[in-house]
Amino acid sequence: MTTTNHPAVEKLRTGISSLDIIAKGGLPKNRTTLISGTAGSGKTVFAVQFLAAGIARGEPGVFVTFEEAAADIRANMRSFGWDLAQWEQEGKLAFVDASPDPHIETFEAGAFDLGALLARVDNAVKKVKATRVSVDSLGAVFSQFSDQAMVRGELFRIATALKAMGVTAVLTAERTDDHGPVARFGVEEFIADNVMILRNLLEDESRRRTIEILKFRGCDHQKGEFPFTIVPKGGVIVIPLSAMQLSMRSSNVRISSGNKDLDDMCGGGFFRDSVTLVSGATGTGKTLTVTQFLQGGATNGEKCLLLAFEESRDQLVRNATGWGFDFEKMERDGMLRVVCDYPDLSGLEDWLVTIQQIITEFKPQRVALDSLSALENVGSLKAFREFVIGLTSFIKHQEITGMFTATTGSLMGGDSITESNISTLTDSIILLRYVEMFGEMKRGLTVLKMRGSAHDKAIREFTIGKGGMQMGRPFRNVTGIIGGAPMHVNPGDVERVWTQYDKAIDRRRPESISGT
Amino acid sequence: MLYYCNRRAQAQCRLFTGCAVSSDNPLSRREGRLSKYVLTLYVTGNSPRTKVAIDNLNRICGQELDGRYELEIVDVLENPQRAEDERILATPTLIKQLPPPLRRVIGDLSDKEKVLLGLEVRPTTNASSQTRPEAK
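Residues numbered from 1 in each chain as written. Chains lettered and ligands numbered in written order. Predicted model: local features only at pLDDT ≥ 70, side-chain atom pairs only at ≥ 80, totals over all residues. Heavy atoms only, no water.

**Quick notes on the side chain of A:Thr14**
Inspection of the secondary structure puts A:Thr14 in the loop between β1 (11-12) and α1 (17-22). When near neighbours in sequence (up to four residues on either side) are disregarded, A:Thr14 contacts A:Leu19, A:Asp20, A:Leu27, A:Phe50, A:Ala53, A:Gly54, A:Arg57 and A:Arg132. (Helix = DSSP H or I, 4+ residues; strand = E, 2+ residues; numbered from the N terminus. Contact = heavy atoms within 4.5 Å.)

So this is what it looks like as structure tokens:
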């Protein structure tokens, strides 16, 4: 239909980079876009941010407010780092304050139109040479006047006039229900060319914000809902999952896991931009694997970031010291940063944005997260999956090596919710398992999956001591370790099974060749 | 006949024919101290609705205020900043600045009763003995 070189409708890069991704370049230029959402869904923040991002790009704007007084908006938006009053002084922003004045009694005596409003908007646009206009919100106009048909007609006239002025406009509207009609009065969506929906849903006792582009007349956009969050000093940040995944690169450079034996099992180490999931029951050595991974990075001159959601900083340092690793020295050298926090402090979208900010600022080459399972209960399963997708693609995009841990519920075998939900998103999976043998708990390690590389398929025994993880022999005469019911087998039986298996393969091979 | 008593409003006079400035009315001198009405009418250009509003206001003022008023007409297309300062949305909008309280009447003023209600004027023509209706 349309080619990317010659789009039918020109897009205006909003400057809200994450939005530009899902909008495939920005909002349609010189058109009106309706932003509809329930109370508290972030409409006003979005409307102001649209102008703020424009002003940052040297595009002045006009804010038309029907609901909150201009003074209130100036005060409220200061927490986002947007100094509207300053911009007004510099002639980059103009307010058209059309909020109702409760002190003046108004009577309606005959037919009227909103000619004065239109004249004011036109005046403000000319005054600051605006290219962007935000109108917040349409519903409040309806409640100011009794003649709904007149208001509808006038809003349509204003929308048409905005296009004639050559500005790109964002109009907000309320809706009563997150999945009901587009907007309260049922006509708002026909006033604008494009419609975007902001949702603020309550899922499993936590709030989840999403943004959806419902229609873009005559141009392309990404479909479906995208999670977003509103952060101080930043405003709306959309998390464009699919877009991030598409742009991932792939590296063939191998890096050390921090343990020579584990490197060998992985076919020479992890890939530079890979994400490894370490799964195991409590006490199997997940945090140790992470610690080795960080030590391996620091030894190699790579900056490492540890995001710890289970243990305090002191505990981590003490444990590391016990294994013979000096976290404090690594921190002093600037090779390591440890971020410890309670996972429930904020929502998963906020965590993602926070972590992205830390990574952008610290620029680590290795990131370890211990553990994902601690974050699992912060939001819904969907939100959790999106968090992992978001984080995985973000660190891969930066060519950072990642290691996440996941805790299995049962001591023996089993898998965790974390694991079953995100295993497809990770490049490598290392399983750590308890193996009960003759009244003793041994630990086993296997590399379950290693994308793009050969790896050791054996389940190896390992011990933990000073210096970390010492890899031992494979459990050749035990079966059912991963299933959680290890059974000791006579070495003679093992030998016979393997011989028969080899024979079966030998027998099948010629048939399959002749069959094709 | 329209009365343009505000100097600023004379700029808008050319919109309408037959304008004159007059305050030399014996009645207004006598009663002006007590209840002089200061009115501003905001309109959009020289549209039919503007004409209707001005005609209606003229008639009502002529009948009910008997010259005890100053009227300024502001065209928001020519002077949008004044509409901005007064936060006017609708046109026509009639603002009664004096006597207090400040009141707004929007519309083409065809509903005389509502206009009088908004201006807090007691009708004299046919119901002079009635008490003033309570404002909503």
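**Description of the packing of aromatic side chains**
All names here are of chain A. Across all of its chains, the model carries five aromatic pairs over all chains by this definition. Centroid distance Phe112 to Phe145: 5.4 Å. Interplanar angle 50°. Geometry classified as tilted. Residue Phe112 is located in the loop between β6 (105-108) and α5 (115-128), and its partner Phe145 is located in the loop between α6 (138-144) and α7 (148-164); the two are separated by 33 residues in the primary sequence. Comparing Phe112 with Phe145, the two get one shared label, buried. Here Phe309 and Trp351 contribute two aromatic rings whose centre-to-centre distance is 5.0 Å and whose plane-to-plane angle is 80°, an arrangement assigned as edge-to-face. (Phe/Tyr/Trp six-rings, centres within 6.5 Å; stacked < 30°, edge-to-face > 60°. Buried < 20%, exposed > 50% of the residue type's maximum accessible area, 1.4 Å probe, protein only.)

**Quick notes on helix α4 (residues 112-119) of chain B**
The complete set of buried residues in α4(B) reads B:Val115, B:Leu116, B:Leu117, B:Gly118 and B:Leu119. If you follow the buried residues of α4(B), they end up packed against β6 of chain A together with β1 (37-43), α2 (48-64), β3 (93-98) and β4 (103-106) of chain B. Looking one or two residues past α4(B), B:Glu120 carries a phi angle of roughly 55°, positive in sign.

**Side note on the sheet that holds strand β9 (residues 194-203) of chain A**
All names here are of chain A. Sheet architecture is open: nine strands sit in the order β5-β4-β7-β8-β3-β9-β10-β11-β12, paired in mixed fashion. Of all the strands in the sheet, the pair left with one neighbour each is β5 (93-97) and β12 (235-238). Ignoring strand direction, the axes of neighbouring strands in this sheet form an average angle of 25°. (Pairing = 2+ DSSP bridges. Axes fitted to C-alpha atoms, helices over the stretch in contact; angles between N-to-C directions.)

**What about the interface of chain A and chain B?**
Every contact between the two is made by 27 residues of chain A and, on the other side, 30 residues of chain B. Summing both partners gives a buried area of about 2400 Å² for chain A against chain B, and 55% of it is carried by carbon and sulfur. Broken down residue by residue, the surface that chain A buries against chain B is led by A:Phe107, A:Ala109 and A:Arg120, which jointly contribute 29%. For the pair chain A and chain B, the number of links is four salt bridges. A salt bridge links B:Glu84 to A:Arg120; the shortest N-O distance between them is 3.1 Å. When residues of the side of chain A that touches chain B are traced back to their parent elements, those giving at least two are β5, β6 and α5 of chain A. Sort the elements by how many residues they give to the side of chain A that touches chain B and α5(A) lands first, with seven residues. Looking at side-chain class alone, the side of chain A that touches chain B contains 14 nonpolar, six polar and seven charged residues. Across four bridges, the pairing between β6(A) and β4(B) is parallel. By the bridge assignment for β4(B), A:Glu108 is matched with B:Ile106. (Buried area = accessible area lost by both parts, 1.4 Å probe. Salt bridge = Lys/Arg side-chain N within 4 Å of Asp/Glu carboxyl O. Nonpolar A, V, L, I, M, F, W, Y, C, P; charged D, E, K, R; others polar.)

**Focus: the environment of B:Ser110**
Looking at where B:Ser110 falls in the secondary structure, it is placed in the loop between β4 and α4. The contacts of B:Ser110, once residues within four sequence positions are left out, are A:Ala109, A:Gly110 and B:Asn56.

**Side note on α5(A)**
An ideal rise of 1.5 Å per residue puts 20 Å on 14 residues; α5(A) measures up with 20 Å between its terminal C-alpha atoms. With respect to burial, α5(A) is a largely interior element, eleven of its 14 residues being buried. Among all positions of α5(A), only A:Gly115, A:Ala116, A:Leu117, A:Leu118, A:Ala119, A:Arg120, A:Val121, A:Asn123, A:Ala124, A:Val125 and A:Val128 are buried. The secondary structure elements touched by the buried residues of α5(A) are β4 (61-65), β5, β7 (132-136) and α7 of chain A together with α3 (80-85) of chain B. A positive phi of about 55° marks A:Lys129, the residue just after α5(A). (Expected span 1.5 Å × (residues − 1).)

**A few points about the sheet that holds β3(B)**
Here five strands make up an open sheet; going across it, the order is β6(A)-β4(B)-β3(B)-β1(B)-β2(B) and the pairing mixed. Two strands bound the open sheet, and with one partner strand each, they are β6 of chain A together with β2 (69-75) of chain B. Averaged over all pairs of adjacent strands, the angle between strand axes in this sheet comes to 20°, irrespective of strand direction. Examined bridge by bridge, β1(B) and β3(B) share five bridges and lie antiparallel to one another. Its bridge partner lying in β3(B), B:Tyr42 is registered against B:Thr93.

**So, the confidence of the model for chain A**
All names here are of chain A. Looking at chain A as a whole, its pLDDT mean stands at 85, while 93% of the residues score no less than 70. Taken element by element, the predicted model of chain A shows its lowest mean pLDDT in helix α9 (residues 241-246) (56) and its highest in β4 (94). Scored below 50 in pLDDT, residues 512-516 makes zero contacts in the model with residues more than four places away or belonging to other chains. (pLDDT = per-residue confidence, 0-100.)

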